[in-house]
Amino acid sequence: MQKGKGMKFVGDSRIKVGPKQTIPKDYSEYPGRTEPFWPNFLLKEWLVGAVFLIGFLCLVAAHPSPLEIKADPNTSGYIPLPDWYFLFLYELLKYEFAAAEYVVIGTIGIPGLAFGALLLAPFLDSKPGRRPTQRPIAVILMLLAVVSVFWLTYESASAVNWEERAEYSVSNMTEVEVDKDHAGYEVYANNCMSCHGDSLQGVPGMAPDLVDLPYDAAAIKDIAQNGIGEMPADMFTGSDEELNQLADFIMTASGGEAAEGEGEGSDSEDSSEGEDSAE
Amino acid sequence: MLNKIYDWIDERLDVTPIWRDIADHEVPEHVNPAHHFSAFVYCFGGLTFFVVVIQILSGMFLTMYYVPDIENAWESVRYLQTEVAHGQIVRGMHHWGASVVIVMIFLHTLRVFFQGAYKKPRELNWVVGVLLFFVILGLGFTGYLLPWDNKAFFATQVGLEIAESVPFIGTEIKTLLAGDPTIVGAQTLTRFFAIHVFFLPAVLFGLLAAHFIMIRRQGISGPL
Ligand code: HEM
């Protein structure tokens, strides 16, 4: 072997013995200041890569990736949203000529034509001239396609209510540790959980969380029985005893006003009982 | 020491020509940003590859925590992001990398297109490139479902409906992807996981190899 440091593979068919050109054709076709790829150019590329990586890591550090609440097929009124780079396809389906009975035009027809043309571009635009001015049709079609993709993406993204969507984000979800052994937990589970979530965290589009409430126990009991705002009355059904347990559970778990005064969780039952008799 | 080991291996296997074959070529002036700043457009292909490598590495680490079933997928992602040291960075790299790779591949495609670099003899490499583009989009689509959060679930439902609208074989395509003609559920997540981490990466590697071998054989296109 000419290039290797050691032995020849005599009689071995895998690698031909004899002078073998491993250096490809030189670039005399493009006269100018050529530079060896290894190691000169690679060192510069490495620098570009490092700068790119730093920029990328800044992006990653500045914006934690989003996560919404766990998938729940029953979430009512949730508007589906694909990742941003699919928005232009999604937007296409909103046009009348590409929706309802014509939806095939929007899902397969137009994208199929566009991407099919992209795939076959070298055969559709097969004359030898490479300069954009030598192939005006191809260039104009591509420019139109790029403008449409940008436009459709913009239209689609600007129609999204980002604030409303943020409600589904986990980072906006209130974190609560609930004490499942608390006497009131069972009452909560039976009466309130379906709307306010399994740990008082609320359900987007349904009901708010029950954390840091500006109410005292009496007001909570009143709301449970008589409703407030959009919450209808009579959501709570049960005995007074249970109502007390419920109010205490919500106050302690959510760290409301009363909880601070009352100190430890579940053995504060008597005190809320006292409150009740005062009413 | 390293040199000795290298020589020992080289003496037996003659590895030098293998890597020399990749390393020894000249970089022409017109693609070198050190000479013409505008030549930075030639970086987009390499940067696309760089982000693909980031995706592969971060993805490998993600699978050390991710659990592909509908009971645990979301919890595992949340756990990774909130409890695991640097978990947020690993998921962040994979999440943002998925977007950046699209941007880079788009810029690379535009560079090749407007320079007419797909013309003879590079037609096949362009076709391989567009197939790479489709594979990357497929990775984006299947990866979106994996965290199993609300946006994942509902977007995938719509995506599968679009697949279903294909004439004649729509339902079959949907069933193949989702595991069921109507339900988006446990089967769907498992299939998307398999497609995302095994099927599409395998195709991606094959296409990338073809892309790079062709570039190496044909050399970069000349100046306009
Ligand atoms: C994962 C995706 C891709 C990777 C990693 C990749 C990588 C590369 C690299 C490193 C080059 C060398 C020149 C340069 O950097 O500009 C290149 C050239 C090329 N790419 Fe790609 N590419 C990808 C996708 C595509 C796509 C989507 C297309 C077309 C639609 C494409 C078409 C081409 C062609 C025709 C060349 C030769 C250009 C010339 O000789 O001037 N590639 N690719």
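Since the structure is predicted, the reported quantities are computational estimates derived from the model, not experimental observations. (Residues numbered from 1 in each chain as written. Chains lettered and ligands numbered in written order. Predicted model: local features only at pLDDT ≥ 70, side-chain atom pairs only at ≥ 80, totals over all residues. Heavy atoms only, no water.)

Chemist: Could you give an account of the side chain of Asp 149 of chain B, naming the residues involved and the relevant values?
Modeler: The residue Asp 149 of chain B is located in the loop between helix 6 (123-145) and helix 7 (150-164) in this model. Overall, the relative accessible area of 0% leaves Asp 149 of chain B in the buried class. Reaching out from Asp 149 of chain B, the side chain makes a polar contact with the side chain of Lys 151 of chain B at a distance of 3.2 Å. Residues in contact with Asp 149 of chain B, not counting those within four places in the same chain, are Leu 67, Glu 68, Ile 69, Lys 70 and Ala 71 of chain A together with Trp 74 of chain B. (Helix = DSSP H or I, 4+ residues; strand = E, 2+ residues; numbered from the N terminus. Buried < 20%, exposed > 50% of the residue type's maximum accessible area, 1.4 Å probe, protein only. Polar contact = N/O pair within 3.5 Å; in protein donor to acceptor, adjacent residues only side chain to side chain. Contact = heavy atoms within 4.5 Å.)

Chemist: Now, about the site of the ligand: what can you tell me, with residues and values included?
Modeler: Residue and element names in this part refer to chain B. Lining the immediate environment of the ligand, one finds 25 residues, of which Tyr 42, His 108, Arg 111, His 211 and Ser 221 sit closest. At a separation of 3.5 Å, an oxygen atom of the ligand approaches a polar backbone atom of Gly 46. Taken together, the residues of the shell around the ligand sort by class into 13 nonpolar, 10 polar and two charged. (Near = heavy atom within 4 Å. Nonpolar A, V, L, I, M, F, W, Y, C, P; charged D, E, K, R; others polar.)

Chemist: Before we move on, could you go through the side chain of Thr 75 of chain A and cite the residues and values that matter?
Modeler: Along the polypeptide, Thr 75 of chain A turns up in the loop between helix 1 (37-62) and helix 2 (87-92). One polar contact links the side chain of Thr 75 of chain A to the main-chain carbonyl oxygen of Asp 72 of chain A, over a distance of 2.6 Å. The residues contacting Thr 75 of chain A, other than those within four sequence positions of it, are Tyr 168 of chain A together with Asn 150 and Phe 154 of chain B.

Chemist: Summarise the coordination of the iron atom of the ligand; cite the residues concerned and give the values.
Modeler: All names here are of chain B. Taken together, His 108 (NE2) and His 211 (NE2) make up the full set of protein donors to the iron atom of the ligand, lying 2.0 to 2.1 Å away. Considering all six donor atoms around the iron atom of the ligand, the spread of angles at the metal, 84 to 179°, places the coordination shape in the octahedral class. Of this pair, His 108 sits in helix 5 (residues 87-114) while His 211 sits in helix 9 (residues 186-218), and the two are 103 residues apart along the sequence. Just as His 108 is buried, His 211 falls in that class too. (Donors = N, O, S within 2.8 Å, 3.2 Å for Na, K, Ca; no water. Tetrahedral: all angles 85-135°; square planar, octahedral: opposite > 155°, others 65-115°.)

Chemist: Tell me about the interface of chain A and chain B, residues and numbers included.
Modeler: The interface of chain A with chain B comprises 78 residues on the first partner and 93 residues on the second. Counting the surface lost from both chain A and chain B, the interface buries some 7800 Å², and carbon and sulfur atoms represent 67% of this. Scanning the region where chain A abuts chain B turns up three salt bridges. The salt bridge involving Arg 33 of chain A is made with Glu 29 of chain B; its shortest N-O contact spans 3.0 Å. Between the two partners, chain A and chain B, sit 33 residue pairs in polar contact (both at pLDDT 80 or more). Looking at the side of chain A that touches chain B, the elements with two or more residues in it are strand 1 (35-36), helix 1, helix 3 (103-119), helix 4 (121-124) and helix 5 (136-158) of chain A. Residue composition of the side of chain A that touches chain B, by class: 51 nonpolar, 11 polar and 16 charged. When strand 1 of chain A meets strand 1 (residues 26-27) of chain B, the two strands line up antiparallel, connected through two bridges. (Buried area = accessible area lost by both parts, 1.4 Å probe. Salt bridge = Lys/Arg side-chain N within 4 Å of Asp/Glu carboxyl O. Pairing = 2+ DSSP bridges.)

Chemist: So what's going on with the environment of Thr 156 of chain B? Which residues, and what values?
Modeler: All names here are of chain B. With respect to the helices and strands, Thr 156 occurs in helix 7. C-alpha separation for the pair Thr 156 and Asn 32, spaced 124 residues apart in sequence, amounts to 43 Å. Beyond its immediate sequence surroundings of up to four residues, Thr 156 is in contact with Leu 145 and Phe 192. A polar contact of 2.8 Å, which involves the side chain of Thr 156, links it to the backbone oxygen of Ala 152.

Chemist: Would you mind going over the nonpolar core in detail, with residue names and values included?
Modeler: Counting 41 residues, the largest nonpolar core has Met 104, Trp 126, Ile 136 and Leu 204 of chain B as the members making the most contacts within it. Of all the elements in the fold, those that place two or more residues in this core are helix 1 and helix 5 of chain A together with helix 3 (43-62), helix 5, helix 6 and helix 9 of chain B. Those residues in contact with Met 104 of chain B, other than ones at most four positions away along the chain, are Phe 52 of chain A together with Phe 44, Leu 47, Thr 48 and Val 51 of chain B. Within the second largest apolar cluster, 22 residues are counted, among which are Ile 69 of chain A together with Ala 152, Phe 154 and Ala 178 of chain B. (Core = buried A, V, L, I, M, F, W, Y, C linked by side-chain atoms within 4.5 Å.)

Chemist: Let's hear about helix 3 of chain A: which residues, and what values?
Modeler: The terminal C-alpha atoms of helix 3 of chain A, which comprises 17 residues, lie 23 Å apart, in line with the 24 Å expected from a rise of 1.5 Å per residue. Its maximal kink placed at Gly 112 of chain A, helix 3 of chain A deviates by approximately 30°. Along helix 3 of chain A, the residues classified as buried are Gly 106, Thr 107, Pro 111 and Leu 118 of chain A. Considering only its buried residues, helix 3 of chain A is in contact with helix 2, helix 4 and helix 5 of chain A together with helix 6 and helix 7 of chain B. (Expected span 1.5 Å × (residues − 1). Bend = angle between axes of the 7 residues up to and from the residue.)

Chemist: Any details on the pattern of salt bridges? Residues and values, ideally.
Modeler: A complete count under the given rule lists nine salt bridges over all chains for this structure. We note a salt bridge from Lys 70 of chain A to Glu 75 of chain B, for which the minimum N-O separation is 3.3 Å. Within this pair, whereas Lys 70 of chain A is found in the loop between helix 1 and helix 2, its partner Glu 75 of chain B is found in helix 4 (residues 73-82), the two belonging to separate chains. Judged by its relative accessible area of 26%, Lys 70 of chain A falls in the partly exposed class. Judged by its relative accessible area of 38%, Glu 75 of chain B falls in the partly exposed class. With a shortest N-O distance of 2.7 Å, Arg 20 of chain B and Asp 24 of chain B are connected by a salt bridge. Residue classification places Arg 20 of chain B among the partly exposed positions, given a relative accessible area of 23%. Using a relative accessible area of 12% as the deciding quantity, one classes Asp 24 of chain B as buried. Within the structure, one salt-bridge network assembled from shared partners comprises Asp 125 and Arg 135 of chain A together with Lys 119 of chain B.

Chemist: Give me the lowdown on the UniProt feature "domain: Cytochrome b/b6 N-terminal region profile" (unreviewed entry) in chain B, citing residues and values where you can.
Modeler: Within this numbering scheme, the UniProt entry marks residues 5-224 of chain B as carrying the feature "domain: Cytochrome b/b6 N-terminal region profile" (unreviewed entry). This span, residues 5-224 of chain B, is 70% helix and 1% strand, and a straight line between its end C-alpha atoms measures 46 Å. (UniProt positions renumbered as here; feature names shortened; annotations may be inferred.)

Chemist: Requested: an account of unusual backbone geometry, with residues and values cited.
Modeler: The step from Trp 38 of chain A to Pro 39 of chain A runs through a cis peptide bond, and the omega angle for that step is -5°. Among the structural elements, Pro 39 of chain A can be located in helix 1. In this structure, Pro 121 of chain B follows Lys 120 of chain B across a cis peptide bond, with omega equal to 10°. Within the secondary structure, Pro 121 of chain B sits in the loop between helix 5 and helix 6. Residue Asp 234 of chain A is not a glycine yet carries a positive backbone phi of 60°. Looking at the secondary structure, you find Asp 234 of chain A in the loop between helix 9 (217-226) and helix 10 (240-254). When its relative accessible area of 57% is taken as the criterion, Asp 234 of chain A is described as exposed. Phi at Asp 14 of chain B takes a positive value of approximately 55°, unusual for a residue other than glycine. Note that Asp 14 of chain B resides in the loop between helix 1 (2-13) and helix 2 (16-23).

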